[in-house]
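# Examination of the molecular architecture
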Amino acid sequence: MPTQDATSDTAWVICPGCGEVLYRKRLARELDVCHGCGHHHRVGARARVEQLLDDAGLEWVDVPERSADVLNFVDTLPYPARLSRARRATGLGEGVVVVTGTVAGNPLVAAVMDFGFMGGSLGSAIGEAVVRAADLALRRRVPLVLVCASGGARMQEGALALMQMAKTSQALAQLDEAGILTISVITDPTFGGVAASFATLCDVLVAEPRARLGFAGPRVIEQTIRQKLPPHFQTAEFLLERGLIDVIRPRRALRATLARLLAAGRPGPTPSGTGPGGAGPAAESVIRDPARLPSVDAWTAVRTARDLDRPTTLDHIAHVFDDFEELRGDRVSGDCPAIVGGPAVLNGCPVMVIGHQKGHSFGELRARNHGMATPQGYRKAVRLMRMAAKLSLPLITLIDTPGAYPGLEAEESGQAMAIAEAIRCMGGLPTPIVSCVIGEGGSGGALAIGVADEVLMCSNATYSVISPEGCASILWQDRAMAPVAAEALHLTAPQLLRLGIADGVILEPEGGAQRDRALMAERLRAALTDSLRNLSLIEPDELRKTRRARFRSFGETADIGEAAFT
Ligand SMILES: [Zn+2]
């Protein structure tokens, strides 16, 4: 895949995106992105390091140039001659550089590949360099960033090259076990052995626009099984839609994105260290004694909870949290727009936030599937929950759904299993979890992200085993009986506080949260901070035990009641 290589001396470059002739110096100033068409030109490893890392404190780590010609491999050129040619072309000893330093002050170790060096092919030296970078990240307990560009394994090293996939994957697994954040930056192209090992095993996959990632390249597929491939096949856009990568970022925004993600991966201060002190606003807005709550008419609450103007999860995230970075996809089969999530900062404390997302207009609601998540949504949530556990991030979930998406595709992809898995995963999470029902808490689709240490509800929110309409049509055979069913279901915040399903109720502004979104967000922020501050003092084992006991206790009184009858 020849384009002009980064070290060429020519002053001009032809853009493969638009065919324009570009002045090389200007192109370099613009991070090698064409100012005309936005095409992201390939970047050499050294230039990439300079683009991404802070100048201050940057250190180049020695990596082995151990590309031994064990097989005495000769194609049209002997392997040693190919290596010499690549070294001359790139000025590098091998196809990867390893550095330590910071991105906007956030420390990291990075291994950056260079496609100009034998197509970024994965040989023993690259495998060893990636593993050493991982070891260094482990010793220093700082995140590892891998900038990937590769055509695949290096044929000249035969099966030794293949083994580098296992070797690097093990190194990443060790970082998982140690709770060290890993980020992969996917650049064009990333294929074969690199794609099927370290490039896609990271916690977060960030891709440049149009960057291609895959195992088998399109030519291989077309030649071996003669399949016709769709347009944009294997591009970042194609992969994002299918839930396989987290985000696409233009090169200009990569640094800022990395900085936010790296900040999330640092062991954060507990909210008690930086949160608002004492029992100020939280104590005023969270009611824990049911007697202090004004009663709410059930049907009024149902309608208020569904009000189109009511703040959604993304509205709350914008007001309540800082530095939210939305991560997408379940890494298996899709991305569900009805669940959003990612790392964010609450009062200086890095957290993971996940929530159902509705919308304010019909178009938005349709795009978000009315907040009804598919199995892909719950699997994404579980992926983020596990990431929270790995990075010791407290988890905050915002519940607002009429229920899980009822439909053929959802059933075909295992809706029941996806919900069950989310419920089980939350129950065993070693980090503090606070959930807040901000609107509708509909059935299993709500509980799937609601198995928390502390469950809060906004005062007009509802939480129920079924929608009042659903209940009315089944038990009364008349949907018009929904208001009666709503009353019977005991779905309002005061009723659920009395039942112990909710631990606290956040008072909404007069007339509902939609009347003053900013005030609502302020109260939510105070309440979440307060809850997290208390929970962060508890050891992980104790948290799990208490959480399990909390859910174990529901219905215990029913047992006692029954026993009394026998
Ligand atoms: Zn162009």
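Conventions adopted
- Residues numbered from 1 in each chain as written.
- Predicted model: local features only at pLDDT ≥ 70, side-chain atom pairs only at ≥ 80, totals over all residues.
- Heavy atoms only, no water.
- Donors = N, O, S within 2.8 Å, 3.2 Å for Na, K, Ca; no water.
- Helix = DSSP H or I, 4+ residues; strand = E, 2+ residues; numbered from the N terminus.
- Buried < 20%, exposed > 50% of the residue type's maximum accessible area, 1.4 Å probe, protein only.
- Pairing = 2+ DSSP bridges.
- pLDDT = per-residue confidence, 0-100.
- Contact = heavy atoms within 4.5 Å.
- Phe/Tyr/Trp six-rings, centres within 6.5 Å; stacked < 30°, edge-to-face > 60°.
- Lys NZ or Arg CZ within 6 Å of the ring centre and 35° of its normal.
- Right-handed = clockwise from strand over helix to strand, strands pointing away.
- Salt bridge = Lys/Arg side-chain N within 4 Å of Asp/Glu carboxyl O.
- Core = buried A, V, L, I, M, F, W, Y, C linked by side-chain atoms within 4.5 Å.
- Polar contact = N/O pair within 3.5 Å; in protein donor to acceptor, adjacent residues only side chain to side chain.
- Patch = residues over 30% accessible without salt bridge, like charges linked within 9 Å, V, L, I, M, F, W, Y side chains within 5 Å.
- Areas by Shrake-Rupley, 256 points an atom, 1.4 Å probe, with all protein chains shown as cover.
- Axes fitted to C-alpha atoms, helices over the stretch in contact; angles between N-to-C directions.
- Parallel < 35°, antiparallel > 145°, perpendicular 65-115°, else oblique.
- Nonpolar A, V, L, I, M, F, W, Y, C, P; charged D, E, K, R; others polar.

### Side note on the coordination of the zinc ion
For the zinc ion, the full set of protein donor atoms is Cys15 (SG), Cys18 (SG), Cys34 (SG) and Cys37 (SG), and the range of their distances to it is 2.3 Å. For the zinc ion, all donor residues lie on one chain, and their spacing in sequence is C-x2-C-x15-C-x2-C. Remark: Cys34 occurs in the loop between helix 1 (24-29) and helix 2 (45-52) and Cys15 occurs in the loop between strand 1 (12-14) and strand 2 (21-23); sequence separation between them is 19 residues. Here Cys15 matches Cys34 in class, with each residue buried.

### A word on the pairing of strand 12 (residues 339-346)
Strand 12 sits mainly inside the fold: eight of its eight residues count as buried. Pairing analysis gives eight bridges linking strand 12 to strand 13 (residues 349-356), with the strands arranged antiparallel. In the sheet register, Val345 faces strand 13, and the bridge partner there is Pro350. With antiparallel pairing between neighbouring strands as the criterion, strand 12 and strand 13 make up a hairpin whose turn holds two residues, including Asn347 at a positive phi of roughly 50°.

### Quick word on the confidence of the model for the chain
Of all residues in the chain, 93% attain a pLDDT of 70 or more, and the chain-wide mean is 92. Contacts for the low-pLDDT stretch residues 272-282, under 50 throughout, to residues beyond four places or in other chains number 19 contacts. Counting interchain partners and residues more than four positions distant, the pLDDT-below-50 stretch residues 560-566 has zero contacts.

### A few points about the environment of Ala518
In this fold, Ala518 is placed in helix 22 (residues 517-535). Along the sequence, Ala518 and Val320 sit 198 residues apart, while their C-alpha atoms lie 9.1 Å from each other.

### Here's the deal with the packing of aromatic side chains
One pair of aromatic rings is described through two measures. These are the centre distance and the angle between the planes. All chains considered together, the criterion is met by three aromatic pairs. Measuring from ring centre to ring centre gives 5.4 Å for Phe233 and Phe238, while their planes differ by 75°; the resulting arrangement is edge-to-face. Considering the side-chain rings of Phe551 and Phe554, the 5.6 Å spacing of their centres and the 75° angle between planes classify their relative orientation as edge-to-face. Over the face of the ring belonging to Trp60 we find Arg46, whose NZ or CZ atom lies 5.2 Å from the ring centre.

### Quick word on the pairing of strand 6 (residues 144-150)
Summarising burial for strand 6: seven of the seven residues are buried, a large majority. On strand 6, burial covers both faces: Leu144, Leu146, Cys148 and Ser150 on one face and Val145, Val147 and Ala149 on the other are all buried. Where strand 5 (residues 106-113) meets strand 6, four bridges bridge the pair, whose relative direction is parallel. Counted as the bridge partner of Ala111 is Leu146 from strand 6. With helix 4 (residues 124-140) bridging strand 5 and its parallel neighbour strand 6, the resulting β-α-β unit is right-handed. Following the chain from strand 6 across helix 5 (residues 158-178) to the adjacent parallel strand 7 (residues 182-191), one finds a crossover that is right-handed.

### A short note on the pattern of salt bridges
Counted by the stated rule, this structure contains 34 salt bridges. Arg306 is the salt-bridge partner of Glu440, the closest N and O atoms lying 3.0 Å from each other. Placement of Glu440 in strand 15 (residues 433-442) and of Arg306 in the loop between helix 12 (298-305) and helix 13 (313-320) is noted, with a sequence separation of 134 residues between them. With relative accessibility at 30%, the residue Arg306 sits in the partly exposed group. The shortest N-O distance in the salt bridge between Asp335 and Arg328 comes to 2.8 Å. On the accessibility criterion, Asp335 (17% relative accessible area) is buried. A relative accessible area of 28% places Arg328 in the partly exposed class. Each member of the salt-bridge network shares a partner with another, and the members are Arg306, Lys358, Asp400, Glu440 and Glu469.

### Quick word on the environment of Ala418
Mapping Ala418 onto the fold places it in helix 17 (residues 415-428). Overall, Ala418 belongs to the buried group, its relative accessible area being 3%. It is 5.8 Å that separates the C-alpha atoms of Ala418 and Tyr378, two residues lying 40 residues apart in sequence.

### Observations concerning the nonpolar core
Core analysis: the biggest nonpolar cluster contains 98 residues, and Val145, Ile183, Phe321, Ile354, Met385 and Leu528 have the highest contact counts within it. Beyond its immediate stretch of four places on either side in the chain, Val145 contacts Leu108, Val109, Ala110, Ala111, Ile183, Val185, Leu258 and Leu262. Residues Leu144, Leu205, Ala236 and Ile248 belong to the second largest nonpolar core, which totals 41 residues.

### Some points on the environment of Asp478
Structurally, the position occupied by Asp478 is in the loop between helix 19 (468-476) and helix 20 (482-489). Along the backbone, Asp478 and Gly192 are 286 residues apart, and their C-alpha atoms lie at a distance of 58 Å. Asp478 has contacts with Ala472 and Ser473, leaving out every residue within four places of it along the chain. A polar contact of 3.0 Å, which involves the side chain of Asp478, links it to the backbone nitrogen of Ala480.

### Focus: a nonpolar patch on the surface
A cluster of nonpolar residues, Trp12, Ile14, Val21 and Tyr23, forms a patch on the protein surface that exposes about 440 Å² of accessible area. Take Tyr23: it is sitting in strand 2.

### A word on the packing of helix 17 against helix 23 (residues 540-552)
Between helix 17 and helix 23, whose axes approach to 8 Å, the crossing angle comes to 130°. Taken together, the axes of helix 17 and helix 23 lie oblique to each other. Across from Met426, Gly427 and Gly428 in helix 17, the residues of helix 23 making contact are Arg544, Arg547 and Arg548. Tallied by class, the residues present in the contact of helix 17 with helix 23 amount to one nonpolar, two polar and three charged.

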